[in-house]
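# Reading the structure
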Amino acid sequence: MASRKITTPTADGYVQFNDSVVVNSSFLSHSINNDGEAMEGNGNLTERSNPQTEAHAEVELTPVTSDLLNDSPEHWEMNFHEAAIFLEEGENNEKFDSHPHHPDALPAYLLVHNSWYYSLGLVTSLILMFLAVTEDPAVPAFQLPVGVHGTIELFALAVVGIEVSLKLRWIGWNTILKHKRTMIKCATLGIMCIEAIIVLIRQSSHFRATRALRPIFLVDTRHLGGVRRFIRQILQSMPPIFDMLLLIFFFVSIYAILGFFLFSDNPLDSHFTTLFDSFVSMFVLLTTANFPDVMMPSYSRSKWNSLFFISYLCIVLYVLMNLMLAVVYETFTSIEKRKFRKLLLHKRKAAQQAFRLLVTKQHPNQIRFKQFEGLMRYYSPKKSARDVVLMYKYLNTSRTGVLTMDEFYNVYDAVLLNWEAQYSNIPWYHSAWMPLQSLCQLCLNVVRWNYFEHIVYVLILTNGLAMVSRLVNQYTSLEEAAHFFCASWDTLLFYGVFALEVMMKILGLGVAQFFESGWNCYDFAVIIATLFGVVIINSYPSFIYVVVFRPLRLLRLFKVKKRYRDIIGTLALLSPLVKSAAIVMLVLYYFFAIIGMELFAGYDMRNCCNGTAVEDFYKYSENGTSALGYYYLNTFPNLAVSMVTLFELTVVNNWFIVMNGYASVVHPATRIYFILFYLTTMVVLTIVVASVLEAFRFRIQYKRQTTKRDEEKLLHEEVDLKWEEIQAWVFDFQLLEKLRSDLIVGGTATYVGCRPRNREVLQRKMYQSEIESWMREAASADKL
């Protein structure tokens with residue numbers, strides 16, 4: 001093999017691309033010829049290596065062509081495999097310097113980088129996190145003996161340790177020491193192993209705040225690459241956020257000092273008794289949770305004192321906080337563009353590396369179909385032979401029958417295309433039984449009738465009015481109300497009408513075309529859910545939760561207005577980011593919940609805080625509790641309750657009551673925990689808001705610059721396949737026989753390729769001029 005460097009599709013997009021690619025010459029020597037000569041893509045000699053004297057030296061990777069190998073199928077398969085791995089590296093934005101340096105390391109690499117091991121890593125990390133449910137403090141029903149959960153933890157950590165040790169087989173310590181995420185994982189693994197062993201020896205848990213670091217193993221798994229990218233965006237957005245926080249804290253401190261000197265002499269005002277109390281009060285006021293309570297004591301002394309608080313909120317809350325959002329939004333927008341450019345150029349470099357493994361000395365600047373087909377067997381094995389031929393023809397814009405480097409750069413785009421024959425618009429029922437054809441044709445005509453959608457909208461609106469009429473009626477019980485709402489005759493009537501609509505669309509359009517539309521999928525799901533609700537409410541009248549299914553159909557009305565379509569389209573673009581943000585928030589909750597349990601699990605908050613301003617909120621009596629006295633429930637006795645408490649803090653409504661309660665019971669310094677949690681969640685949520693704004697702006701800008709016709713051209717590619725032309729570059733007789741059923745022998749078959757309507761595809765349209773400029777700059781850099 002030319003340069004046996006195996007990579008991994010577990011990229012996370014964190015590490016900056018490094019142009020220097022090195023391999024061990026002992027590994028390279030396996031694929032050079034007997035004279036030890038390595039050649040560049042143009043066939044010129046560039047280096048002569050001696051495997052005996054340089055067996056352990058690292059040399060710069062030179063483009064080695066396949067002619068340096070024996071022309072055996074085994075050697076070609078190795079090249080195809082490696083070229084596919086290069087493309088996977090480019091797609092996942094992974095460095096090119098983390099390859100095995102010796103064939104002996106290859107088994108370890110292949111063991112770790114497969115779907116089974118990915119799943120094992122995900123399951124292991126989830127087990128580690130769920131151990132917090134069984135460890136003290138925990139709900140008694142779920143709590144396990146120390147020996148049991150300690151053994152499970154050690155076993156899970158051993159699985160993670162095996163993965164790290166296997167990585168050392170091909171990466172080595174030098175590379176791992178440069179990889180910050182892996183180093184953090186290794187350090188965490190070591191600490192947690194030592195702690196788990198100590199717990200097993202002592203048969204009791206100690207203060208284990210390091211349990212909060214368990215999500216590191218989850219985030220590092222293959223399946224959470226989007227989460228790692230989102231965390232990277234958070235870290236990249238931190239400098240402007242940190243700058244704005246410094247400015248905000250400056251004004252908070254100034255007003256805290258001023259408030260202390262103005263209001264500390266008031267014995268009835270406990271908010272400004274000390275400088276520390278003054279700072280905490282002004283910080284809480286920043287969240288508006290204690291407003292206007294914090295103002296009222298000083299306001300009662302003089303109405304002019306209100307200017308202090310009004311000016312503070314206007315400057316810090318309405319100006320600086322919104323300015324921070326604007327700064328984060330601008331930073332996030334520039335990060336998105338830089339990220340797209342970096343990934344695009346990284347894919348270009350990966351395509352170059354793969355290209356050099358697929359050319360020959362006789363044709364150092366061209367890839368033939370045989371090599372391209374071998375590459376696709378590893379890079380996109382689910383593609384059929386017909387799809388591979390279509391991709392090759394699509395890439396070959398020069399119509400020469402061979403691919404140049406410039407054409408091969410578009411290989412990622414070609415793989416995205418899903419191909420269908422042009423005649424696929426012929427109704428699916430064209431060869432069915434004649435009466436069925438007539439029925440399906442009638443359904444198709446009705447569905448395509450101009451007023452069909454309007455009639456559907458009228459029916460949906462009528463269904464909504466029927467639901468309102470049911471809600472305003474009086475019923476003897478909730479079960480009766482639920483039954484009349486989601487299982488009465490009008491429900492069944494509208495259910496039958498909407499089911500008929502779905503059935504007509506399926507018969508007219510066909511199953512495949514019907515489910516291509518997201519709205520059709522939604523309608524089908526609502527129909528199934530409504531039927532499920534009718535069955536459940538009749539079988540189990542007390543299960544009233546199914547009433548939520550019937551109103552879901554009303555969402556279809558929002559499709560009528562363009563603004564709502566833009567909002568829903570933005571949500572579709574944001575769905576990957578929203579999932580990543582949700583997981584990041586859960587990780588943060590887990591982290592702070594573990595810390596909270598370690599700090600506050602043993603404290604009872606009932607009837608606490610006597611003599612403080614929050615005393616009334618913690619009043620408890622076995623006979624009854626006052627309207628304010630339920631805050632004693634905001635505790636950290638186990639993981640689930642701790643997360644509920646943290647969610648209440650996230651909403652920031654009266655969050656300072658929880659903070660001051662623990663400051664009174666435990667120690668005033670515990671306020672640091674709650675302030676850090678607020679700041680952390682505020683930063684994450686600010687970035688989420690910035691991402692939503694950026695996605696909405698991107699969609700609106702895209703809509704303004706792109707017409708429907710342009711979008712159709714963007715998402716579809718048309719390719720003609722001539723039988724004689726294919727025979728000119730496909731020399732595999734068996735492959736030609738497979739293609740006979742999809743092509744027209746002696747004629748031309750036309751196929752249409754469809755791209756997914758995702759953000760990356762739309763960005764290629766939005767940044768078209770910039771992409772051309774970036775490619776020219778990269779080409780100039782390559783020449784230099």
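In what follows, the structure referred to is the one given above.
The rules we used
- Residues numbered from 1 in each chain as written.
- Predicted model: local features only at pLDDT ≥ 70, side-chain atom pairs only at ≥ 80, totals over all residues.
- Heavy atoms only, no water.
- Helix = DSSP H or I, 4+ residues; strand = E, 2+ residues; numbered from the N terminus.
- Expected span 1.5 Å × (residues − 1).
- Buried < 20%, exposed > 50% of the residue type's maximum accessible area, 1.4 Å probe, protein only.
- Arc of directions from axis to C-beta.
- Polar contact = N/O pair within 3.5 Å; in protein donor to acceptor, adjacent residues only side chain to side chain.
- Contact = heavy atoms within 4.5 Å.
- Axes fitted to C-alpha atoms, helices over the stretch in contact; angles between N-to-C directions.
- Parallel < 35°, antiparallel > 145°, perpendicular 65-115°, else oblique.
- Left-handed = near helix turned anticlockwise from the far one by under 90°.
- Nonpolar A, V, L, I, M, F, W, Y, C, P; charged D, E, K, R; others polar.
- Salt bridge = Lys/Arg side-chain N within 4 Å of Asp/Glu carboxyl O.
- Core = buried A, V, L, I, M, F, W, Y, C linked by side-chain atoms within 4.5 Å.

## Looking at helix α24 (residues 639-651)
- Given a rise of 1.5 Å per residue, 13 residues ought to cover 18 Å, and the 19 Å separating the end C-alpha atoms of α24 matches this to within 8%.
- Where α24 is concerned, the buried positions are Leu639, Ser642, Thr645, Leu646, Leu649 and Thr650. The arc that holds every buried residue of α24, seen down its axis, measures 150°, which confines them to one face. Along α24, the residues that are exposed and aim more than 90 degrees away from the buried face are Ala640 and Phe647.
- Downstream of α24 by a residue or two, Val652 has a phi angle that is positive, lying close to 65°.

## Overview of the side chain of Glu598
- Position of Glu598 relative to the elements: it lies in helix α23 (residues 562-600).
- Reaching out from Glu598, the side chain makes a polar contact with the backbone nitrogen of Arg208 at a distance of 3.4 Å.
- If sequence neighbours within four positions are ignored, Glu598 has contacts with His206, Phe207, Arg208, Ala209 and Arg211.

## Concerning the packing of helix α9 (residues 225-263) against helix α10 (residues 275-286)
- The interhelical angle for the contact between α9 and α10, taken along N-to-C directions, is 130°, at an axis separation of 8 Å. It follows from the interaxial angle that α9 and α10 lie oblique. In terms of crossing hand, the pair formed by α9 and α10 is right-handed. Listed contacts from α10 to Ile248, Phe249, Val252, Ser253, Tyr255, Ala256, Ile257, Gly259 and Phe260 of α9 are Leu275, Ser278, Phe279, Met282, Phe283 and Leu286.
- Residue composition of the contact of α9 with α10, by class: twelve nonpolar, three polar and no charged.

## Let's talk about the pattern of salt bridges
- Evaluation of the coordinates by the stated rule reveals 31 salt bridges.
- The salt bridge involving Asp523 is made with Arg553; its shortest N-O contact spans 2.8 Å. With Asp523 in helix α22 (residues 518-539) and Arg553 in the loop between α22 and α23, the pair connects residues that are 30 residues apart, well separated along the chain. Like Asp523, the residue Arg553 is buried in the burial classification.
- Counted as one network, the salt bridges with shared partners bring together Glu135, Glu153, Glu195, Arg208, Arg211, Arg214 and Glu598.

## A closer look at the nonpolar core
- Of all hydrophobic cores here, the largest spans 85 residues; its most connected members are Met282, Tyr312, Met324, Tyr618, Leu646, Trp655 and Phe674.
- At 15 residues, the largest contribution of residues to this core is made by α23.
- Once you skip the residues sitting within four places of it in the chain, Phe674 turns out to touch Phe600, Phe636, Leu649, Trp655, Val658, Met659 and Tyr662.

## Comments concerning the packing of α24 against helix α26 (residues 671-705)
- Interhelical geometry of α24 versus α26 gives an angle of 70° and a closest axis separation of 10 Å. The orientation of α24 relative to α26 falls into the category roughly perpendicular. Viewed along their axes, α24 and α26 form a crossing whose handedness is right-handed. The segment α24 lies against α26, with Leu646, Leu649 and Thr650 engaging Tyr673, Phe674, Phe677, Thr681 and Leu685.
- Within the contact of α24 with α26, the residues separate by chemical class into six nonpolar, two polar and no charged.

The values reported here are purely geometric and, on their own, carry no functional implication.
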